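# A closer look at the structure
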Amino acid sequence: MEVKVRPLECWNDFKKYRERYYKNYLEAKDKGGIRWAGSAWAFDAIPHGLGEDVYPLTGEPYGATCAFFHEFSRQCLETIERKGAARDLCGYMRNYWGSIAQNKYLLADGSIVEPFPRPDFNFTIHICCSHAKWYHYAAELENGVPTYAVDISVGPGYLLDDKKINYVVKQLNDAIPWMEKITGREYDDELLIKAVYAEADAMSTWAKICKLNQARPAPLEEKSMFSLYVLNLINRSDPEVAKLYHKLYDEVESRVKRGIGALTHEQFRFFTDNPPPWAFLKVYRYLEKEYAAISLGAIYTFGLGGGWIGMDEKGEKWIWEPAPTPEEAGVEITNREEALRWTAEYNLRYRASWQHEYSHWIRKLETYQMIKDWNADAIIMHINRGCELWNMSTLEVRDYLVKKGIPVATYEGNMADPRDFDEARTFNVIDSFMQSLGIERISEK
Amino acid sequence: MEAIQESEYWKWPETVWVDESKNWKEAEVISCGIDLGSVSSQAVIMLDGELYAYSNLRTGSSSAASSEKALGSILEKIGDMKREDIHYIVGTGYGRVSIPFANKTITEIACHGRGANYIYGPSVRTVLDMGGQDLKAIKVDERGKVVNFLMNDKCAAGTGRGIEVVADLLSIPVTEVGPMSLEVYPDDEPEPVSTTCIVFGKSEILGLMRKGWPTNRILAAFFRAVATRVVELLERVGVEPEFAITGGISKNPGVVTRVQDMLGMKALETEYDPQIAGAIGAALFAKALYEKQTGKR
Amino acid sequence: MGKKVEEVPQLKQFREWFDKRHEYAKEWKRENGGKIVGYYCTYCPEEILYAAGVLPVRILGSHEPESITRPYLHDMYCPFCHDTLAQGLQGRYDYLDGVTLAQSCLHMRQSYFSFVDRVPNIQWSYYMHFPHGVNNPHATPYLRWELEKFKSAVEEWTGVTITNKELDKAIEIYNKNRQLMKKVFELRRGEKPPITGLHAMEMVVSSQVVDKKDHNEILESFLEDLKDVEVDRETGTRLILIGSEDDDRSFLELVEYGINYPATFVYEECCTGARYFWDEVRPNEDRLMALAERYVKRIPCPAKDWAAGELIRRRFQHIEKVIKDYNVQGAIIAQMKFCDPHELDIPSLRVLFDKNNVKHLTLELDITQPIGQFRTRVEAFLEALGEEDLFF
Amino acid sequence: MIVAGIDAGSKFTKVVLVNENKEIIGTSNVRTGIDHHKTVEEALEEALKAAGISRDEVDKFIATGFGKISVPFADSELTQVVAAGKGTYFVWPKVKTVIEVGAEESRAVKVDENGNIKDFALADKCAAGTGSFVDAMVRYLEVPLEEFGRMSLEAKGNIPMNAQCVIFAESEVVSLLHNNVPKPEISRAIHDAIADRVASIARRVGIEDDVVVIGGLANDVGFVDSLKRELGTEVHVPDKIAPELVPALGAALSGL
Ligand SMILES: Nc1ncnc2c1ncn2[C@@H]1O[C@H](COP(=O)(O)OP(=O)(O)O)[C@@H](O)[C@H]1O
Ligand SMILES: Nc1ncnc2c1ncn2[C@@H]1O[C@H](COP(=O)(O)OP(=O)(O)O)[C@@H](O)[C@H]1O
Ligand code: SF4
Ligand code: SF4
Ligand code: SF4
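Here's what I pulled together on the structure shown here. Bear in mind that the values here come from a model prediction, so they are computed numbers and not experimental data. (Residues numbered from 1 in each chain as written. Chains lettered and ligands numbered in written order. Predicted model: local features only at pLDDT ≥ 70, side-chain atom pairs only at ≥ 80, totals over all residues. Heavy atoms only, no water.)

## Overview of the overall build of chain C
Of the regular secondary structure elements, chain C holds 16 helices and eight strands. Over its C-alpha trace chain C gives a radius of gyration of 21 Å, about what one expects of a compact globule, namely 21 Å for 392 residues. Burial status across chain C gives 69% buried among its 392 residues. The contacts of chain C with a sequence gap of at least 6 include a subset with a gap of at least 24, amounting to 77%. Accessible area of chain C: about 12700 Å², with a carbon and sulfur share of 47%. Across chain C, the mean location of the 51 positive side-chain charges is 3 Å away from that of the 64 negative side-chain charges. (Helix = DSSP H or I, 4+ residues; strand = E, 2+ residues; numbered from the N terminus. Rg over C-alpha atoms; globule rule 2.2 N^0.38 Å. Buried < 20%, exposed > 50% of the residue type's maximum accessible area, 1.4 Å probe, protein only. Contact = heavy atoms within 4.5 Å. Areas by Shrake-Rupley, 256 points an atom, 1.4 Å probe, with all protein chains shown as cover. Lys, Arg positive; Asp, Glu negative; His and termini not counted. Charge placed at Lys NZ, Arg CZ, Asp CG, Glu CD.)

Structure (structure tokens):
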């Protein structure tokens, strides 16, 4: 069946937002604003209370942007390796450091400016073994930028209790006077509350959009999703982001209603796993062109930007349903304490990609359920040398899925170090996989 | 299955040399250094601290035999010198512990530092030793004493063996791969092969071959990667002028030219064979040790 | 004149325990009929297990090549994780009744869960959500809560109620072990350290795999005997070892006994060394709070040592003190291949050593070590530190 | 009907000709030169000669192997995984696990009772588990290839080797040589190291009997022996056809 295809209308809005974002961070000081840097996982609603002119730079998306621009990435990586950074460390982190060490800053369109804009402070979390240390070292490279990292290692959502949440809330609470001291600004709780509402709205809406991709034909393919989900990683507590997601939701919903798909012909539906090798998104194009195969997403694209119910209370089944926003939960947030508690709990409980970080027990169920709910035929896993967190559990998950009868292929690479990717080998894996499943090339048909 | 005869592209020329103008019988101290490397073995004989004779041969599968051969070939060429005439022998290199007749062993790192000081003069501060199996960046003081050093450990790309493997793969003699890679340098230099791991790199090179890349471009991409690795190591240890290269790969202009350009620094030149630097250092240590032992100092 | 170090019987005992740890555990079980729990990281609050009559033993690698873990663990996870899982898969830990991990790095976490799933006969497992933010003030009360849950889980599983009295006893025995090992370490501050790094490692690792009561007994007499031991080895260069799991005998032997130049480790800053036992539990009416405090305040593992508002690393402060106290001349940084937490500290650690005039050498450890390559590096490193008389 | 299966390997190019009765009528094995097209022509020529037929009599050409794109006249391409699975199933119908070790690549393929591919795994980066590793070592030890495999069987086998990367494994071998370790022991250590890496890959798909090993390295008795020990199960080498020809056979059969 031939399907109607049509470019996404709000695509440009997202693109513009991203371009503006990197520019804003660069120019923040000219406008008397504040710059901060930290992980995309950081509790980014908190700095919002410092004012409306507070501009973040999140490290992972920045690292991914570097990786996308090959040549710049190579310079970053080589620069930081000369300073003694080991090659097996997180790919994003090395790009980020390399960018600082070269004193060069990359904008979303690939243009490079000097110097690297130094943040007023680093505000991050410690989710994998690297995050807090990433910014610790960055701070050293920047001659001592004040750095605060929040420990969130309290376990997956379904095991949360008050004391666990309190531990995180207390750290967030301490962060506020710390930020006030550094910036010399007075903290505005109203702005915090607004940001916290916006965050949940943006994340839950992204989850709803992902659910729309269960349709056949799927309205979105993952390569475009990369440009969409990312707003939740760069500035999800900005109310404008939530607005954009609502707009996107409406558009995607109408596509589903009208039977508009992302591909003209959808022969094979699969999921991926891990961040992609950013410098080689042609893997996706190849699968599309040669095999009419569509990637529906991944726990990466769904889970990083989305708020999901996740594990049921007993820890026996994963539920891919959007997490409730404060409104949906019937909660009213009126003060700082409530706001901090909400954002802490929302992130700890509903960030799908924080859950499986604890154990493959969770990741297995999460992945399996995703494949079932979205009706995928298979999964192609990126064994990603660039991120030890995302790469955790992948082989156990592979083993589990194969035993469940789900076809799995794996290829090695690195999300942000182009030198770790072997193109010929990867295409060879894909061809082998498709051929072994009896999926024909469309060019041969 | 028939074993198919391999062409040996990795072979490089061997040498035995004696300074006929000198008479060893007039020397007070005859010292010898033997550098038993993984790929090559060198023996050097010095008369009162002056280079007299050397050999540079391929290391065989037995270290004892290789060291015998390295020294034996010199003695044979000299004609009337016997091993007993040598006052002190220092062994160095990977195989140093299995040189049966060495009086003492010293690491190749110390020996290359000392040897570079001899052949390039006391102004040398950074020595890059590119040998068969490893890459060393050595910082030395004005006496040639090691101040600091680094060795590659995660990747074998910037090594002689790595280059030999590629020479073999492309069926080009190892002495020619360097010059050939310079045919496209610098104007037409392609991006480096992405990976520096030789195992992975091989499959990438095969891929390039299949894409129909000309051999000189493939080599350029490969040597670019090697040079990057080398420079990385050098910068980690901190390059200071003056800078010199020893070991076998110093004869490979494909690496040397790129490293120099990337550093923006010329390596010192010498009329000696830089591959024997380690053995020279060993021979100089042998002299010092002999003098120490006999109370001459 | 006393006897030579090599003849001190307690050292032989440590070595025997080290070598025959599995036999010891099985023997212990036969004799005591108790349960044995394997623990993965040194942050495990062993006292709680011990108070319940359970023998905690640390799960360590064996430094033998293996090919069985790669279907489950990524190639780029650290060799320590591969090695420990391999032990389990090979059935070497078949006597364990339970396993536990106090949350540490990701690699170990993966190894732990695969161990739980794939090693037969494990009846009980407990993953403890140990805080990472040991440099922030809220970690201690939070850890207290996790300890409380851990305690209940142990009680439920064993059917034993852990009383304050039992906890006190366990804390006392553990503290004693810490004090004694610290005393042994302090003897190494002198000009002629009586024991080598190899001895120290065997002492510490054996304490991780046997009943601390037994270990204390030997330690006490060991300290006595060490007083009048004759040190006949040349100390040579005084080295500090920086690392994680550094229990590969071949590596320590190489450095201290296998090189042309004398050298001795005088301190091991690793979790098979000082990091394991250095800090004691300080008494507190609230026993769990006392434990929480100890585990939070101990010399941190690099995985947990990061900025929470201030750019400090507590481990570095400790290392700096050790350099002075132990008159350290050189450092060997034994980096477990692919270990991110340690790697992330190395550039800054090198700066610290440079600042303190301590020469350093970084070696990358794998399951087995390339001794030939290491020899050259270590030898050259020591040559650079000495051998002045060859240059005139 | 006659079909030619052409396996353009990185080191050797192999051709197998089959007729409609699935009978092998000619084979060849030629060292892959710089000019891949030329090598393919040579190999084809040789196989045709062996079969005593002319090129026109071949109805279909199926290419496989890493260099399959250098067979411009191929009617279709077959991936190495499928070629290995098909070929092995034909020569050893009881096979469940195929292990292929060639010059530069190794892989494991799981097949079901009908010869369909259920799962596969390819060697990761840094794998020393390939034939070219053996080739390099043979040079160091200065012994013939056949001898190298055989002498491994005489060894006691108590030297562990930590062979991650070929080059570093080489330096370990050099150290062993310098320490006068007997050559059979070194050979054994090398074979064990390769078997170790290959087994790691094979375990990803799970070991299920019958295990059949194909590819050039299957000729190496030392390797097969080490692999048996490592996997703790019988490892079969095809007897009807040289093990390195199996993928080419698989390709040819796929064209029938
Ligand atoms: N004439 C030459 N031209 C180009 N390369 C050479 C030449 N001679 C030696 N080499 C290179 O040098 C390497 C050997 O280096 P060498 O320093 O002798 O090694 P080692 O001392 O570790 O055995 C060879 O692998 C080869 O790549
Ligand atoms: N008799 C033998 N003994 C040991 N190894 C052999 C023997 N015959 C072939 N090999 C090995 O097999 C490899 C070639 O295998 P092959 O499957 O033909 O490679 P490819 O298809 O990748 O080119 C060579 O590298 C060689 O090491
Ligand atoms: S390794 Fe992964 S989780 Fe850790 S900092 Fe990098 S991208 Fe983030
Ligand atoms: S290195 Fe750290 S995480 Fe690892 S065992 Fe030691 S203390 Fe635990
Ligand atoms: S060595 Fe490093 S990676 Fe390995 S378990 Fe310890 S902290 Fe984790």
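## Side note on the sheet that holds strand β8 (residues 293-298) of chain A
Residue and element names in this part refer to chain A. Taken in spatial order, the four strands line up as β8-β7-β11-β12 in an open sheet, and their pairing is parallel. Two strands lie at the open edges of the sheet, namely β8 and β12 (408-413), each paired on one side alone. The average undirected angle you get between the axes of adjacent strands in this sheet is 30 degrees. Direction of pairing for strand β7 (residues 268-273) relative to strand β11 (residues 378-384): parallel, over a ladder of four bridges. By the bridge assignment for β11, D273 is matched with M381. Packing against the sheet, helix α8 (residues 222-229) makes contact with β7 and β8, and its axis sits at approximately 30 degrees to β8. Taken strand by strand, helix α17 (residues 394-403) contacts β7, β11 and β12, and its axis lies near 160 degrees from that of β11. (Pairing = 2+ DSSP bridges. Axes fitted to C-alpha atoms, helices over the stretch in contact; angles between N-to-C directions.)

## Notes on the side chain of E78 of chain A
Among the structural elements, E78 of chain A can be located in helix α3 (residues 70-82). Assessed through its relative accessible area of 11%, E78 of chain A is described here as buried.

## Topic: the nonpolar core
Ranked by size, the top nonpolar core spans 369 residues in total, and within it Y96, W97 and F123 of chain A together with F353 of chain C carry the most contacts. For this core, the leading source of residues is helix α7 (residues 189-212) of chain A, giving twelve residues. Within the second largest apolar cluster, 43 residues are counted, among which are A137, A221 and A267 of chain B together with V174 of chain D. (Core = buried A, V, L, I, M, F, W, Y, C linked by side-chain atoms within 4.5 Å.)

## Details of the site of ligand 1
Residue and element names in this part refer to chain B. Ligand 1 sits among 20 residues. The nearest are S40, G132, E164, G248 and Q275. The backbone of V39 places a nitrogen or oxygen atom 2.9 Å from an oxygen atom of ligand 1. In this structure, E164 approaches ligand 1 through a side-chain N or O atom, which is 2.4 Å from an oxygen atom. Those elements giving two or more residues to the shell around ligand 1 turn out to be β3 (40-47), α3 (160-170) and α4 (174-181). At three residues, the largest contribution of residues to the shell around ligand 1 is made by α3. Class assignment of the residues belonging to the shell around ligand 1 gives a composition of six nonpolar, eleven polar and three charged. Formed jointly, the shell around ligand 1 draws a minimum of three residues from each of two domains, domain 1 (15-118 + 276-293) and domain 2 (123-267). (Near = heavy atom within 4 Å. Polar contact = N/O pair within 3.5 Å; in protein donor to acceptor, adjacent residues only side chain to side chain. Nonpolar A, V, L, I, M, F, W, Y, C, P; charged D, E, K, R; others polar. Domains from an automatic or database assignment.)

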